[in-house]
Amino acid sequence: NTVVDMALSAVSSKSTVRPAAARRSAVVVKASAESRRAVLGGLLAGAALTTSNAALALGGSTPVDIIDDRKALATGFDLIYEARDLDLPQNERDGMTQARTNIEDTKKRVKEAKARIDTGLDTYVKKNYWTEAREQLRRQVGTLRFDLNALASSQPKDKRAVSQSLKKDFIAKV
């Protein structure tokens, strides 16, 4: 009993001692600018989505325009898709076959190239823009060579050789 009495008296006499309390440590959480941006961006995206859904619900449906592009397709609007089609031969993908088939357009290009050589080159030469004059001449002669070959190939066989010799003489003179 004496040990128990001593323990009880020791506990009662030291009642001024506090029991160990849990310490609170100061924890500071700092949000980075990136996480704030992400949260704000998500919030704004959600608000925009909610607003757009509400607008669609009020308005019913969105209008659908049906456009007839057959005229644009006939004039060559879809050539970029032909250029990517690997099943076509390279001449068709480059547009060379299409340019050779229309003789009227070929004649127009020849007249335009002639006009550019007659008028455009004089302007560059008078201003001493030699590089630009050379490039303009190179472009027009290249166009002419292609178009004159197309015109010569459209001729009957007996006239084709004469057309080719005239083309060679013309290119040599230019």
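This report concerns the structure included in the present document. (Residues numbered from 1 in each chain as written. Predicted model: local features only at pLDDT ≥ 70, side-chain atom pairs only at ≥ 80, totals over all residues. Heavy atoms only, no water.)

1. Some details on helix α7 (residues 103-126)
In plain terms, the rule: Here a helix means four or more residues in a row that DSSP labels H or I, a strand means two or more in a row labelled E, and each is numbered from the N terminus. Expected helix span is given by 1.5 Å per residue-to-residue step, counting one fewer step than there are residues. Burial here depends on accessible area, computed with a 1.4 Å probe over protein chains only, as a share of the maximum for the residue type. Under 20% is buried, over 50% is exposed, and the range in between is partly exposed. The contact definition used throughout considers only heavy atoms, calling two residues in contact when any of these lie within 4.5 Å. Identification of polar contacts relies on pairs of N or O atoms within 3.5 Å, with a donor-acceptor requirement for protein atoms, meaning one able to donate a hydrogen and the other able to accept it, and with residues adjacent in sequence counted only if both atoms are side-chain atoms.
End to end, α7 covers 35 Å across 24 residues, agreeing with the expected 34 Å (1.5 Å per residue, within 8%). Three or more residues of α7 are buried, namely T106, V110, A113, I117, G120 and L121. Close packing links the buried residues of α7 with α6 (96-101) and α8 (130-154). The N-capping residue of α7, defined by a side-chain oxygen 3.4 Å from the backbone nitrogen of E104, is N102. After α7 finishes, the residue N128 shows a positive phi value of roughly 60 degrees.

2. Side note on the side chain of D147
Topologically, D147 is positioned in helix α8. D147 sits in the buried class, given a relative accessible area of 0%. Look past the residues within four positions of D147 in its chain and what remains in contact with it is T106, R109 and V110.

3. Some words on unusual backbone geometry
Unlike most non-glycine residues, N128 shows phi in positive territory, near 60 degrees. Of note, N128 is situated in the loop between α7 and α8.

4. Let's talk about the packing of α7 against α8
Put simply, the rule reads: Only C-alpha atoms enter the line fits that serve as axes; for helices the fit covers just the stretch in contact. Angles between N-to-C directions range over 0 to 180 degrees. We call two directions roughly parallel when the angle between them is under 35 degrees, roughly antiparallel when it is over 145, roughly perpendicular when it lies between 65 and 115, and oblique otherwise. Crossings are sorted by hand: turned counterclockwise from the far helix by less than a right angle, the near helix makes the crossing left-handed, and turned clockwise it makes it right-handed. Polar here means any residue outside two lists: the nonpolar Ala, Val, Leu, Ile, Met, Phe, Trp, Tyr, Cys and Pro, and the charged Asp, Glu, Lys and Arg; Gly therefore counts as polar.
The contact between α7 and α8 brings their axes to 9 Å, and the two run at 160 degrees. On the basis of their axis angle, the class for α7 and α8 is roughly antiparallel. Where α7 crosses over α8, the handedness of that crossing is left-handed. Class assignment for the residues of the contact of α7 with α8 results in 15 nonpolar, four polar and five charged.

5. Thoughts on the pattern of salt bridges
Keep this limit in mind: Any carboxyl oxygen of Asp or Glu within 4 Å of a side-chain nitrogen of Lys or Arg constitutes a salt bridge here.
Inspection of the entire model under this criterion finds seven salt bridges. In this structure, the salt-bridge partner of R134 is E135, at a minimum N-O distance of 3.3 Å. Note on R134: relative accessible area 51%, which makes it exposed. For E135, a relative accessible area of 22% gives the class partly exposed. Its salt-bridge partner being E135, residue R138 comes within 2.9 Å of it at the nearest N-O pair. Taken together, the residues span about one helical turn, with R138 and E135 both in helix α8 at a distance of three residues. Salt bridges linked by common partners bring R134, E135 and R138 together as one network.

6. Some points on a nonpolar patch on the surface
Note the cut-off: Patch rule: a residue counts if its relative accessible area is over 30% and it has no salt bridge; like charges are joined within 9 Å, and nonpolar side chains (Val, Leu, Ile, Met, Phe, Trp, Tyr) within 5 Å. Here, Shrake-Rupley sampling with a 1.4 Å probe gives the accessible areas, and only protein chains in the shown set may cover a residue.
A surface patch of nonpolar side chains, amounting to about 320 Å² of accessible area, comprises L40, L43 and L44. By the element assignment, L40 lies in helix α2 (residues 33-59).

7. Digging into the packing of α8 against helix α9 (residues 157-173)
Close contact between α8 and α9 brings their axes to 9 Å; oriented N to C, the two are set at 170 degrees. Comparing their axes, α9 and α8 come out roughly antiparallel. Here α8 contributes V141, L144, R145, L148, N149, A152 and S153 to the contact with α9, which in turn contributes R160, S163, Q164, K167, F170 and I171. Along the lines of polarity and charge, the residues of the contact of α8 with α9 split into six nonpolar, four polar and three charged.

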